[in-house]
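Single-letter residue listing:
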Amino acid sequence: MTARHAAHCVEEAEEVVKELRAALAKAGISLPSLGLDPVSLAREAPCSLVELGRCSVETARRIAAAVSR
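Residues numbered from 1 in each chain as written. Predicted model: local features only at pLDDT ≥ 70, side-chain atom pairs only at ≥ 80, totals over all residues. Heavy atoms only, no water.

1. Overview of the overall build of the protein
Stage number 1. Summing up its helical and strand segments, the protein has 3 helices and 2 strands in all.
Stage number 2. Taking 69 residues into account, the globule formula puts the C-alpha radius of gyration at 11 Å, and the protein, at 14 Å, lies well above it.
Stage number 3. Within the span of the protein, comprising 69 residues, buried residues form 23% of the whole.
Stage number 4. Taking the contacts inside the protein whose residues are at least 6 apart along the sequence as the reference set, 47% of them involve residues at least 24 apart.
Stage number 5. Entry remark: accessible area of the protein is about 5100 Å², with carbon and sulfur atoms responsible for 57%.
Stage number 6. Taken as two groups, the 9 positive and 9 negative side-chain charges of the protein have centres that lie 8 Å from each other. (Helix = DSSP H or I, 4+ residues; strand = E, 2+ residues; numbered from the N terminus. Rg over C-alpha atoms; globule rule 2.2 N^0.38 Å. Buried < 20%, exposed > 50% of the residue type's maximum accessible area, 1.4 Å probe, protein only. Contact = heavy atoms within 4.5 Å. Areas by Shrake-Rupley, 256 points an atom, 1.4 Å probe, with all protein chains shown as cover. Lys, Arg positive; Asp, Glu negative; His and termini not counted. Charge placed at Lys NZ, Arg CZ, Asp CG, Glu CD.)

2. What about the nonpolar core?
One broad trend across soluble globular proteins is that nonpolar side chains are buried collectively.
Stage number 1. Counting residues in each nonpolar core, the largest one holds 5 residues, listed as Val17, Leu24, Ile29, Leu31 and Leu34.
Stage number 2. Leave out the neighbours within four places in its chain, and leucine 24 touches Ile29, Leu31 and Leu34. (Core = buried A, V, L, I, M, F, W, Y, C linked by side-chain atoms within 4.5 Å.)

As structure tokens, this is what we get:
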């Protein structure tokens, strides 16, 4: 994987985190740990994973309700 491709992967992941955060906010949901997975960024050629993190039972219910609409 080239450095340019790796940089594009990270930029794309950062953008999707922003989009997901905004979509969740519209549904009244906040995931405080939402971000890029630091382990996936540490690879020689990063291909970022999105870390959703932990959430409360109530938040999980709200996500389930939003997704099932």
